[in-house]
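Chain by chain, the residues:
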Amino acid sequence: MFLKTKKEVLLLKDAIRKPVYDIDPIYTKRWSPRSFLSRAIPDDDLKGLFEAARWAPSSANVQPWRFVIARNEADKEAFLSFIHDSNTIWCKHAPVLAAVISKMDEQKFGGHNPTHAFDTGAAWACLALEAARREIITHAMAGFHKQKAKAALRIPDNFEIHAIVAIGYQGEKEWLSEGLQQREVPSNRNEVDSFLFEGDFHNTNF
């Protein structure tokens, strides 16, 4: 049996996503739906997401993250030209598509920046959490052709593209195909004890 409405999906999220320890509810509120309304995001709200990314932790304050966004049809078509078909079927409805990019080199470090991807991941996480606070959904995708993306977006060689993110407002689950409806369910997470070690990698006694 499929859950057909957004309300039912949100109720299921609350049932599945229960933290063991006390944390801010924003962490469990955030998830990655695929059903998007085509409604545009106001500029102030959209800029607010990147304002949150701006304040991410950054090694030596280098701030290697960059974002390229698409909102008009021509720019979105360029994005859809390098996103895998399995993702375009749903992400084409999102009002905004964004490429998450990082600068790999840095003069402060004498060449390669070893934390460029780590810091950019932190910026993306800040963006996603701010989006959840504003009732905006985000869904990051690794399913795209990197070289085609770099060419289409004119990304220089010293920058790496990590993900494409669909950004918008959540639609109804029933708008998706049957196969995607089955996947339109908030996921749980492994418990802390499964990935936290003390002293060395093999000691789980915390």
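Reading the values: rules and limits
Residues numbered from 1 in each chain as written. Predicted model: local features only at pLDDT ≥ 70, side-chain atom pairs only at ≥ 80, totals over all residues. Heavy atoms only, no water. Patch = residues over 30% accessible without salt bridge, like charges linked within 9 Å, V, L, I, M, F, W, Y side chains within 5 Å. Areas by Shrake-Rupley, 256 points an atom, 1.4 Å probe, with all protein chains shown as cover. Salt bridge = Lys/Arg side-chain N within 4 Å of Asp/Glu carboxyl O. Helix = DSSP H or I, 4+ residues; strand = E, 2+ residues; numbered from the N terminus. Buried < 20%, exposed > 50% of the residue type's maximum accessible area, 1.4 Å probe, protein only. Contact = heavy atoms within 4.5 Å.

K.L.:
I tried to follow a nonpolar patch on the surface on my own but got confused; where do I start?
P.N.:
Residues V20, Y21, V192 and F195 make up a contiguous nonpolar surface patch of about 420 Å² in total accessible area. Tracing the chain through its elements places F195 in the segment after α8 (178–183).

K.L.:
So what exactly am I meant to see when it comes to the pattern of salt bridges here?
P.N.:
In this structure the tally under the stated criterion is 8 salt bridges. With its nearest N and O atoms 2.8 Å apart, the salt bridge here joins R133 to E130. Within this pair, R133 and its partner E130 are both found in helix α6 (residues 116–133), separated by 3 residues, close to a single helical turn. On the accessibility criterion, R133 (52% relative accessible area) is exposed. Residue classification places E130 among the buried residues on the basis of a relative accessible area of 14%. Linking K146 and E160 is a salt bridge whose minimum nitrogen-to-oxygen distance equals 3.6 Å. Here the residue K146 occupies a position in helix α7 (residues 146–152), and E160 occupies one in strand β6 (residues 159–168), the gap between them amounting to 14 residues. In this structure K146 comes out as partly exposed when scored by relative accessible area, which is 36%. When its relative accessible area of 26% is taken as the criterion, E160 is described as partly exposed. Each member of the salt-bridge network shares a partner with another, and the members are D45, E130, R133 and R134.

K.L.:
It is not clear to me how the side chain of N113 should be interpreted in this structure. Could you clarify?
P.N.:
With respect to the element layout, N113 can be found in the loop between β4 (111–112) and α6. Discounting chain neighbours no more than four positions away, the residues touching N113 are V62, P64, K103, M104, D105 and E106.

K.L.:
Looking at this structure, how should I read unusual backbone geometry?
P.N.:
Across residues other than glycine, the phi torsion is negative in most instances, and most of the peptide bonds are trans. For A60, which is not glycine, the phi dihedral falls at a positive 55°. With a relative accessible area of 41%, A60 lands in the partly exposed category. Despite not being glycine, Q63 shows a phi value in the positive range, around 55°. Structurally, the position occupied by Q63 is in the loop between α3 (43–54) and β1 (65–70). Given a relative accessible area of 31%, Q63 falls into the partly exposed group.

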